[in-house]
Amino acid sequence: MDESGGRGQPRSGNDEPAEGHAGAPAPVTDPTAADEQPTDGRRFTPERHEDTPAAGPEGPEADTAPDQNSGAAEAERPSSRKPGPEDDSATGRNAGAVPTPDQDSGGAAEGDRPSLRKPGPAGDSATGPNAGGAPAPDPNSRTEPAAPGTGERPLAHSADGKGPAPQRPPEPRGGLLMGRPFGVPVYVAPSWFLVAALITWVFGGQLERVLPELGAARYLVSLFFAVAFYASVLVHELAHTVAALRFKLPVRRIQLQFFGGVSEIEKEAETPGREFVLAFVGPLLSLLLAGVFYLAMQTVDPGTVPGVLLAGLMISNLIVAAFNLLPGLPLDGGRMLRAVVWKISGKPMAGTVAAAWVGRALAVCVLIGLPLLTQSGALGSDAVDNVGMDTVLDALLAAILAAIIWTGAGNSLRMARLREHLPELRARALTRRAVPVETHTPLSEALRRANSAGARALVVVDADGKPLSLVREAAIVGVPEHRRPWVAVSGLAQDLTDGMRVSAELSGEELLDALRATPATEYLVVEETGEIYGVLSAADVERAFVKAMARPS
């Protein structure tokens with residue numbers, strides 16, 4: 001039994017007997033001396049059920065077992081402890097406190113795993129912060145585990161930990177699925193139908209002046225123009241997609257939206273040169289399309305429907321190319337600027353910050369400058385001195401564009417900060433110490449072993465030590481304490497699948513990808529040798545992710 005209360009490495013839980021000795025044993029107390037208590041004062045004891053009396057401040061709860069099985073059942077009775085001088089009592093300085101890395105004791109053993117045990121009496125009380133809720137694991141306490149082969153593992157049974165590669169989760173839907181060019185799904189968002197109607201109305205008004213003989217048919221021609229224009233936008237996005245796939249960057253989807261389209265590339269380019277190429281190919285294809293439409297115009301009469309359509313598509317593709325070449329995120333020109341700064345400084349974050357702030361400056365310029373240019377006639381329209389409906393619409397369009405650019409620049413900064421902090425998410429640092437128990441082990445005995453080992457997770461194994469399932473922490477909470485000697489852990493466990501085995505070496509995006517591929521609440525963490533390392537809780541990863549994102553860059 002570990003005498004350090006979780007600060008050192010305990011022996012394997014299999015070393016403990018599964019059955020108690022006959023007779024009435026003395027109450028089980030915590031093996032940790034008062035002056036050796038962990039600073040967080042936590043035990044692996046889930047929240048008490050409402051119909052279970054809580055332990056008073058003077059001592060352990062007096063739980064009476066039925067007369068039958070008096071020997072073994074009483075030996076497996078759940079235990080509680082009296083708060084020590086530094087424990088989490090109602091008035092203690094650590095009551096209900098969540099330890100942070102700064103609070104880690106310098107005397108902790110080097111091989112100590114993150115101990116995320118639930119509050120003791122203070123956290124269990126009816127008025128405590130965790131009363132009536134699930135245990136609140138704390139991912140903040142991180143120490144490096146002992147090296148393999150030292151004999152200080154809580155678990156030393158083998159598991160293959162390897163299986164078929166997990167399947168990708170279904171890609172997020174983004175509207176109407178139109179196809180899968182190059183294996184990438186293309187969605188048309190519902191907002192596209194709104195912008196198609198707007199384009200049809202605006203372009204139809206222009207056709208009425210250019211080709212008045214069309215009559216009502218001009219709106220049919222305008223609708224064709226809207227579809228052809230967004231087909232050009234799709235070609236622009238496909239250029240980004242093909243370049244990303246060429247650089248072996250996964251593309252989740254392409255979505256056509258209100259203001260153009262977006263290619264959702266899941267990873268960033270590895271070099272500034274690739275980043276520049278990846279951004280430049282989109283505007284380049286738009287320029288090439290404009291050239292194609294210009295050449296096609298030379299073969300038709302400009303006063304006909306084909307001539308007007310070709311002219312409109314040429315101008316619209318020129319506008320798309322010019323707009324995307326503006327040097328500010330989230331535009332393609334902003335990514336090109338980011339690549340240049342990245343190349344000069346050697347820091348991708350510096351490039352992101354520079355391009356994002358230029359993007360915000362562009363948003364202000366669009367908000368103020370576009371209505372002024374339109375009203376002055378600099379964009380080809382007649383200058384107006386009064387404020388009419390067209391001026392209001394121009395101002396509204398400028399405001400929408402400015403908002404999109406501003407929020408896109410902010411999102412780019414947040415994503416850059418996310419990628420900067422992702423390496424801090426390491427499966428090895430977030431894993432809970434685990435204790436192996438066999439399928440028939442009563443829950444009370446399993447919890448006793450976990451408390452003795454300073455563990456926060458239970459792994460159900462067979463007679464050969466092969467892991468079969470993980471005991472769900474949420475299921476333990478629902479079992480009243482007086483029923484735990486008669487509840488087997490196998491009834492509270494979730495069977496292990498291949499996707500629920502993750503490597504202890506995973507970190508950052510690889511770790512998140514593995515968890516997204518197989519959604520679950522707990523995962524079995526294994527070493528490269530197949531040795532079980534512990535259990536990873538998805539809630540712990542989420543909390544560590546939020547904490548990492550809150551840190552300044």
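Residues numbered from 1 in each chain as written. Predicted model: local features only at pLDDT ≥ 70, side-chain atom pairs only at ≥ 80, totals over all residues. Heavy atoms only, no water.

### Concerning the overall build of the chain
The number of helices and strands found in the chain is 14 helices and 13 strands. Counting all 553 residues of the chain, 47% fall into the buried class. When contacts within the chain are restricted to residue pairs at least 6 apart in sequence, those whose partners lie at least 24 apart make up 70%. Total accessible area computed for the chain in this model is approximately 26,600 Å², and 61% of it derives from carbon and sulfur atoms. (Helix = DSSP H or I, 4+ residues; strand = E, 2+ residues; numbered from the N terminus. Buried < 20%, exposed > 50% of the residue type's maximum accessible area, 1.4 Å probe, protein only. Contact = heavy atoms within 4.5 Å. Areas by Shrake-Rupley, 256 points an atom, 1.4 Å probe, with all protein chains shown as cover.)

### Some remarks on the environment of I368
Along the chain, I368 falls in helix α8 (residues 348–376). Sequence spacing of I368 and A395 is 27 residues, and the spatial spacing of their C-alpha atoms is 8.4 Å.

### A short note on the pattern of salt bridges
The full count for this structure, using the stated rule, is 15 salt bridges. Put simply, E445 and R448 hold a salt bridge, and the shortest N to O gap is 2.8 Å. Of this pair, E445 and R448 both sit in helix α11 (residues 443–453), three residues apart, which is roughly one turn of the helix. The class of E445 is buried, set by a relative accessible area of 3%. (Salt bridge = Lys/Arg side-chain N within 4 Å of Asp/Glu carboxyl O.)

### Considerations on the sheet that holds strand β9 (residues 467–471)
Backbone-to-backbone hydrogen bonds pair the strands of a sheet. The strands run either parallel or antiparallel. Spatial strand order, β7-β8-β9-β10: four strands in an open sheet with mixed pairing. Taken across any chain shown, the strands that pair with only one partner, and hence form the sheet edges, are β7 (434–438) and β10 (493–495). Across the sheet, the mean angle from the axis of one strand to that of its neighbour is 35°, orientation sign disregarded. Relative to strand β8 (residues 457–461), β7 runs parallel, the two sharing five bridges. Bridged to A434 within β8 is A457. Of the strands in this sheet, β7 and β8 are in contact with α11, which crosses β7 at around 155°. (Pairing = 2+ DSSP bridges. Axes fitted to C-alpha atoms, helices over the stretch in contact; angles between N-to-C directions.)

### Structural notes on helix α5 (residues 272–297)
The end-to-end C-alpha separation of α5 is 38 Å, in line with the 38 Å expected for 26 residues at 1.5 Å each. The sharpest bend along α5 reaches about 30° and sits at V281, with the proline P283 one to four residues further on. Listed as buried for α5 are P272, E275, L278, A279, V281, G282, P283, S286, L289, A290 and F293. Each element contacted by the buried residues of α5 is listed here: α4 (218–246), β6 (260–265), α6 (305–324) and α7 (332–345). (Expected span 1.5 Å × (residues − 1). Bend = angle between axes of the 7 residues up to and from the residue.)

### Topic: the packing of α4 against α6
A pair of packed helices can be characterised by two numbers: the angle between their axes and the separation between those axes. The contact between α4 and α6 brings their axes to 10 Å, and the two run at 35°. By crossing handedness, the relation of α4 to α6 is classed as right-handed. Contact with α4, carried on its side by V221, F224, F225, A228, F229, S232 and H236, involves V305, L309, G312, L313, S316, N317, V320 and N324 of α6 and no other residues of that element. Its residues assigned to classes, the contact of α4 with α6 comprises nine nonpolar, six polar and no charged. (Left-handed = near helix turned anticlockwise from the far one by under 90°. Nonpolar A, V, L, I, M, F, W, Y, C, P; charged D, E, K, R; others polar.)

### Some details on the confidence of the model for the chain
On average, residues of the chain score 74 in pLDDT, and 66% of them reach the 70 mark or higher. Residue range residues 1–43 is modelled with pLDDT below 50. Its contacts to residues more than four positions away, or to other chains, number 113 contacts. (pLDDT = per-residue confidence, 0-100.)

### Description of the sheet that holds strand β5 (residues 251–257)
Strand order in the open sheet formed by four strands is β3-β4-β5-β6, with mixed pairing between adjacent strands. Whereas interior strands pair on both sides, the edge strands pair on one side only; in this sheet they are β3 (176–179) and β6. The mean angle between the axes of side-by-side strands here comes to 25°, regardless of whether they run parallel or antiparallel. Two elements, β5 and β6, share six bridges in a ladder whose sense is antiparallel. Note that in β6 the partner of R253 across the bridge is E264. Across the sheet, helix α3 (residues 190–210) is in contact with β4 (186–188) and β5; its angle to β5 comes to roughly 30°. On top of the sheet, α4 reaches β4, β5 and β6; it is set at about 165° to β5, its chief contact.

### Observations concerning α3
Along an α-helix, residues three or four positions apart point the same way, because every turn accommodates 3.6 residues. An ideal rise of 1.5 Å per residue puts 30 Å on 21 residues; α3 measures up with 31 Å between its terminal C-alpha atoms. Among all positions of α3, only W192, V195, A196, I199, T200, F203, G204 and L207 are buried. Contact partners of the buried residues in α3: β4, α4, β5 and α6.

### Description of the packing of α7 against α8
Running from N to C, α7 and α8 cross one another at 140°; their axes reach a closest spacing of 7 Å. Relative to α8, the crossing made by α7 is right-handed. Listed contacts from α8 to G334, L337, R338, V341, W342 and S345 of α7 are P348, A350, G351, T352, A354, A355 and V358. Residue classes in the contact of α7 with α8 are distributed as eight nonpolar, four polar and one charged.

### Comments concerning the environment of L443
On the secondary structure map, L443 appears in helix α11. A relative accessible area of 0% means that L443 is categorised as buried. With residues near it in sequence (within four places) discarded, L443 still touches I476, V479, R484, V487, V489 and L492.

### Observations regarding a nonpolar patch on the surface
On the surface, a cluster of nonpolar side chains totalling about 850 Å² of accessible area is made up of L198, W201, V202, Y219, F259, L393, L396, L397, I400 and I404. Those elements giving two or more residues to the nonpolar patch turn out to be α3 and α9 (389–421). In terms of residues, the nonpolar patch owes the most to one element, α9, which gives five residues. Positionally, L198 belongs in helix α3. (Patch = residues over 30% accessible without salt bridge, like charges linked within 9 Å, V, L, I, M, F, W, Y side chains within 5 Å.)

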